[in-house]
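What follows is each chain in one-letter form.
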Amino acid sequence: MKKTIEKFAGDTEGVSYELTVFRFKGTSKTAPSAYIQAALHAGELPGVVAIHALMPKLRAAEAEGRILGDITIVPAANPVGRAQYVFGELEGRFHLGTRTNFNRDFPLLDRPDKAALPPPPRNATVDVHLKRLLVGLSVGHDIVLDLHCDDEGVPYLYVPAQLWPAMQDCAAAMGVEAVILWEGESGAAFEEAAIHPWLQLPAEKAPLEGRVVTTVEFRGLADVYDRYARTDAEGIYRLLATRGVIGDAKAARPRKFSGVAAPIDRVELISMPRAGAILFHVEPGRSVRKGARLATIVHTPGEPDGSIDLLAPQAGYVLTRVSKRSGRAGDDIIKLIGEARSARPKAGALED
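Residues numbered from 1 in each chain as written. Predicted model: local features only at pLDDT ≥ 70, side-chain atom pairs only at ≥ 80, totals over all residues. Heavy atoms only, no water.

Visitor: Any chance you could explain helix α3 (residues 126-138) here in plain terms?
Guide: Three- or four-residue spacings in an α-helix give side chains the same orientation, since the helix completes a turn every 3.6 residues. Taking 1.5 Å of rise per residue, 13 residues should cover 18 Å, and α3 covers 19 Å from first to last C-alpha, within 8% of that figure. Gly140 sits one or two positions beyond α3 and adopts a positive phi of about 95°. (Helix = DSSP H or I, 4+ residues; strand = E, 2+ residues; numbered from the N terminus. Expected span 1.5 Å × (residues − 1).)

Pasting the structure below:
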């Protein structure tokens, strides 16, 4: 294993950042390669601890000569966001200088080659440099995992529709409970940047069956526990073994994905009609009937008509809910995977 530190300057004098990168060299020229990063949204830590639990397994495999394909690991992909504290609260989702989501506006390359990266603009801010660095580290890998988490939710994947159902083995290996399939544009999120170069090539030159590109949502923000870290690390390891990056016949044993898989236009975003306190009546992972009471918004406490119920617009599966217990009118507070297409599907990414 080789450890390197990528350094890049900040936007003001005397400020710079460091990105730690671990690389494992594979022993086979034909084995697929893998890139794994966590905490692009700097406050989302389940993926960070999963990588920490994964590293001993990779070191053991390396010592035994079982690392077949090259593996690149970035345990904490956003040192810029990690340093953004406002009145004691971490703001790791948006760059404060540009107000841009750290998981948007990645460069989209016309081929899977680092040399295709365009030069940065003269006035490029630090978030632009970070995104170019991450694309440069990840481009060309056969497997790209971007580890995130939701507010409160089950473990699930976002997967480019072009890679499904070929990626069912990966979903099964990781033990996720749901898969959301998307296609088109996503605001140039990292996942789109990872699949885009392969889509520009003729299928005979770059068959998609061998690609794995996914945003992994490891439950919720507060689900940073040793038991989950070990479980998630085992899932990543099984995926690598299943796809032949690591030699481990036992870990690569076929599994069947039995969770929910649905196109993104079946996701119902349940929003608040009025500001107030949120009383949830369902938890992530529950199936509900049409008309089921999902939450109650207490908007005028103490009044006879001071609350309003939010009902399921169709039967479906509760994927996530927000971790806060108050909100404003228009805030999305539940993601429900419906059994049919949403009457109000959201174009592009589900969240800003």
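The discussion continues.
Visitor: Would you take a moment to explain the environment of Leu68 for this structure?
Guide: Within the secondary structure layout, Leu68 lies in the loop between α1 (46-63) and β4 (71-74). Along the sequence, Leu68 and Phe280 sit 212 residues apart, while their C-alpha atoms lie 47 Å from each other. Aside from chain neighbours lying at most four places away, what touches Leu68 is Gly26, Thr27, Ser28, Ala31, Gly244, Val245, Ile246 and Gly247. (Contact = heavy atoms within 4.5 Å.)

Visitor: So what exactly am I meant to see when it comes to the sheet that holds strand β1 (residues 2-9) here?
Guide: Hydrogen bonding along the main chain pairs the strands of a sheet, whether they run parallel or antiparallel. Read from one edge to the other, the open sheet built from 9 strands follows the order β1-β2-β4-β3-β9-β13-β11-β12-β14, with strand pairing classed as mixed. In the strand order of this sheet, the two ends are held by β1 and β14 (260-263), each with one partner. Strand-to-strand twist across the sheet, computed as the mean angle between neighbouring axes with direction ignored, equals 20°. Sheet topology note: the strand β3 (residues 34-38)/strand β9 (residues 143-150) ladder contains 5 bridges and is parallel. Each residue of the ladder has a partner; that of Ile36, found in β9, is Leu145. Taken strand by strand, α1 contacts β2 (16-24), β3, β4, β9 and β13 (212-220), and its axis lies near 145° from that of β3. (Pairing = 2+ DSSP bridges. Axes fitted to C-alpha atoms, helices over the stretch in contact; angles between N-to-C directions.)

Visitor: Just to check I follow, could you spell out the pattern of salt bridges for this structure?
Guide: It is possible for side chains bearing opposite charge to pair when their charged atoms get close. By the definition in use, this model includes 20 salt bridges. A salt bridge links Glu152 to Arg321; its shortest N-O distance comes to 2.5 Å. With Glu152 in strand β10 (residues 152-153) and Arg321 in strand β20 (residues 316-321), this pair connects stretches of sequence that are 169 residues apart. Overall, the relative accessible area of 14% leaves Arg321 in the buried class. Between Arg243 and Asp169 there is a salt bridge whose closest N-O contact spans 2.8 Å. Highlighted residues: Arg243 in the loop between α6 (226-242) and β14 and Asp169 in helix α4 (residues 168-174), separated in sequence by 74 residues. On the basis of relative accessible area, Arg243 is assigned to the buried category, the value being 16%. Bridged by salt links that share partners, the residues Glu44, Arg93, Asp150, Lys335 and Glu351 form one connected network. (Salt bridge = Lys/Arg side-chain N within 4 Å of Asp/Glu carboxyl O. Buried < 20%, exposed > 50% of the residue type's maximum accessible area, 1.4 Å probe, protein only.)

Visitor: What's the story with unusual backbone geometry in this structure? I'm lost.
Guide: The general pattern is negative phi for most residues beyond glycine and trans for most peptide bonds. Backbone torsion omega between Trp164 and Pro165 reads 15°, so that peptide bond is classified as cis. With respect to the helices, strands and loops of the structure, Pro165 is situated in the loop between β11 (156-160) and α4. Positioned with a positive phi, Ala39 is a non-glycine residue whose angle comes to about 60°. With respect to the secondary-structure elements, Ala39 resides in the loop between β3 and α1. Backbone geometry places Arg219, a non-glycine residue, at a positive phi of 60°. Inspection of the secondary structure assignment puts Arg219 in strand β13.

Visitor: I would appreciate a short explanation of the sheet that holds strand β21 (residues 326-327) in the present structure.
Guide: Pairing within the open sheet is antiparallel, and its 4 strands lie in the order β19-β18-β16-β21. Each having just a single partner strand, β19 (307-311) and β21 make up the two edges of the open sheet. When strand β16 (residues 276-280) meets strand β18 (residues 293-298), the two strands line up antiparallel, connected through 4 bridges. Across the sheet, the residue bridging to Ala277 is Val298, located in β18.

Visitor: Can you help me understand the layout of surface pockets in this one?
Guide: Any space left empty among the atoms is revealed by the rolling of a water-sized probe across them. Approximately 1300 Å³ is the volume attributed to the largest pocket. In this structure, the largest pocket is lined by 49 residues; those nearest its centre are His41, Glu44, Arg93, Glu351 and Asp352. When contributions to the lining of the largest pocket are tallied by element, the ones reaching two or more residues are β9, α5 (190-199), β13, β20 and β22 (332-338). When grouped by side-chain class, the residues that make up the lining of the largest pocket number 17 nonpolar, 11 polar and 21 charged. (1 Å grid on protein atoms, 1.4 Å probe; cavity = no way out; pocket = protein on both sides within 12 Å on 5 of 7 lines; lining within 4 Å. Points joined across faces, edges and corners; volume = space filled by probe spheres on them. Nonpolar A, V, L, I, M, F, W, Y, C, P; charged D, E, K, R; others polar.)

Visitor: Quick question: what am I supposed to make of the packing of aromatic side chains here?
Guide: The way to describe two aromatic rings as a pair is by their centre distance and the angle between their planes. Scanning the model with the defined rule gives 6 aromatic pairs in all. Residues Tyr156 and Tyr158 carry aromatic rings whose centres are separated by 5.5 Å and whose planes lie at 65° to one another, so their mutual orientation is edge-to-face. Residue class for Tyr156 comes out buried when judged on its relative accessible area of 0%. On the basis of relative accessibility, which here comes to 12%, the residue Tyr158 falls in the buried class. Seen from their ring centres, Trp164 and Phe257 are 5.8 Å apart, and the 85° between their planes marks the pair as edge-to-face. (Phe/Tyr/Trp six-rings, centres within 6.5 Å; stacked < 30°, edge-to-face > 60°.)

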